[in-house]
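Below, each chain spelled out in residue letters.
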Amino acid sequence: MNIREAIEDDRQGVMRVAKSLSPRWFDNIAIGTSIPRDLSVHRTHVAKEGGRTVGFIVHTTVDDKADIKWIGVEPGFQRKGIGSELYAVVEDELRGVGVGEVRVETVAELTEYEPYERTRAFYEKMGFHVEKVKRTRSEETSEEFYMATYLKVLPRM
Ligand SMILES: CC(C)(COP(=O)(O)OP(=O)(O)OC[C@H]1O[C@@H](n2cnc3c(N)ncnc32)[C@H](O)[C@@H]1OP(=O)(O)O)[C@@H](O)C(=O)NCCC(=O)NCCS
């Protein structure tokens, strides 16, 4: 498995992985609008397995703070360490340029929804902790749910 920064030709493969995670994790707005937009404006890394894109991570940085916008690993390739490797590549880079805080938003534990249990377990394993929780409403279904902001403070190099 190889992890590298995405190039324009990876876009289709990234969207194929994103679609493989819909609707359980990514809704129609994410697939149709938010992910394609973010791929154009934020940095993306891909995990390639024999030429096939099997995972991706999109992040953005402002001053010394970074946000993970999206991360996804194709269902058949999950729990093999690919998500960890993708995150580690990005975190190494962020540490190298002096970023001190990484945040990511995800569905909070207060909202009972099984698919996101593994997402939270993943972020916790990566060293994130819940910073705050807010109640919000899905643009797509108008359903109310809770979103958690997870924070990881990076040690200064
Ligand atoms: C979150 C995600 C990217 C993790 O990628 P992955 O390649 O499966 O993760 P890894 O194999 O690197 O797992 C690292 C650790 O995360 C935790 N974890 C991952 N999957 C888990 C699962 N199904 N159940 C419990 N813990 C899990 C474990 O602690 C695991 O370490 P271990 O295998 O040594 O126990 C992947 O599950 C995914 O694509 N989820 C759907 C999309 C998503 O939730 N994106 C984020 C939206 S905010």
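All residue numbers refer to positions counted from 1 along the written sequence of the respective chain. Local features are withheld for residues below a pLDDT of 70 in this predicted model, meaning they are given only at 70 or higher, and side-chain atom pairs are given and counted only at 80 or more; totals for whole chains, interfaces and linings count all residues.

(A) Geometry of unusual backbone geometry. Note the cis peptide between Ser22 and Pro23, where omega equals 10°. Helix and strand definitions here come from DSSP, where helices need a minimum of 4 consecutive H or I residues and strands a minimum of 2 consecutive E residues; each element is numbered from the N-terminal end. Checked against the element boundaries, Pro23 lands in the loop between helix 1 (11–20) and helix 2 (28–41). The phi angle at Asp63 is positive, at roughly 50°, despite the residue not being glycine. Mapped onto the fold, Asp63 is located in the loop between strand 3 (52–62) and strand 4 (65–73). Given 9 C-beta atoms within 10 Å, Asp63 falls into the exposed group. Residue Ser142 is not a glycine yet carries a positive backbone phi of 65°. Of note, Ser142 is situated in the loop between strand 6 (129–137) and strand 7 (144–153). Counts of 20 or more other C-beta atoms within 10 Å of a residue's own C-beta define buried residues, counts of 12 or fewer define exposed ones, and intermediate counts define partly exposed ones; C-beta atoms are placed from the backbone.

(B) Main features of the site of the ligand. Close to the ligand lie 18 residues, the nearest being Gln78, Gly83, Ser84, Arg118 and Ala121. For the shell around the ligand, the secondary structure elements donating two or more residues are strand 4, helix 3 (82–96) and helix 4 (115–125). Ranked by the residues each element gives to the shell around the ligand, the list is headed by helix 4, at five residues. All amino acids are sorted into three groups, where Ala, Val, Leu, Ile, Met, Phe, Trp, Tyr, Cys and Pro are nonpolar, Asp, Glu, Lys and Arg are charged, and the leftover types, Gly among them, are polar. For the shell around the ligand, a count of residues per class yields seven nonpolar, seven polar and four charged. In this analysis a residue is considered near a molecule or strand if the C-beta atom, reconstructed from its backbone, is found within 6 Å of that molecule or strand.

(C) Focus on the sheet that holds strand 6. Strand pairing is assigned whenever DSSP identifies at least 2 bridges connecting the two strands. Reading across the sheet, the seven strands line up as 1-2-3-4-5-7-6 and stay open at both edges, with mixed pairing between neighbours. With one partner strand each, in any of the chains shown, strand 1 (2–5) and strand 6 form the two edges of the open sheet. Adjacent strand axes in the sheet meet at a mean angle of 25° when their direction is disregarded. Pairing analysis gives eight bridges linking strand 6 to strand 7, with the strands arranged antiparallel. When the sheet's bridge partners are listed, Val130 is paired in strand 7 with Tyr150. Remark: residues whose backbone-derived C-beta atoms lie within 7 Å of one another are considered to be in contact. Note on geometry: axes are C-alpha line fits, over the in-contact stretch for helices, and angles between N-to-C directions span 0 to 180 degrees. Lying over the sheet, helix 3 contacts strand 1, strand 2 (43–49), strand 3, strand 4 and strand 5 (101–107), oriented at roughly 30° with respect to strand 3. Running over the sheet, helix 4 touches strand 5 and strand 7 and is turned about 165° from strand 5.

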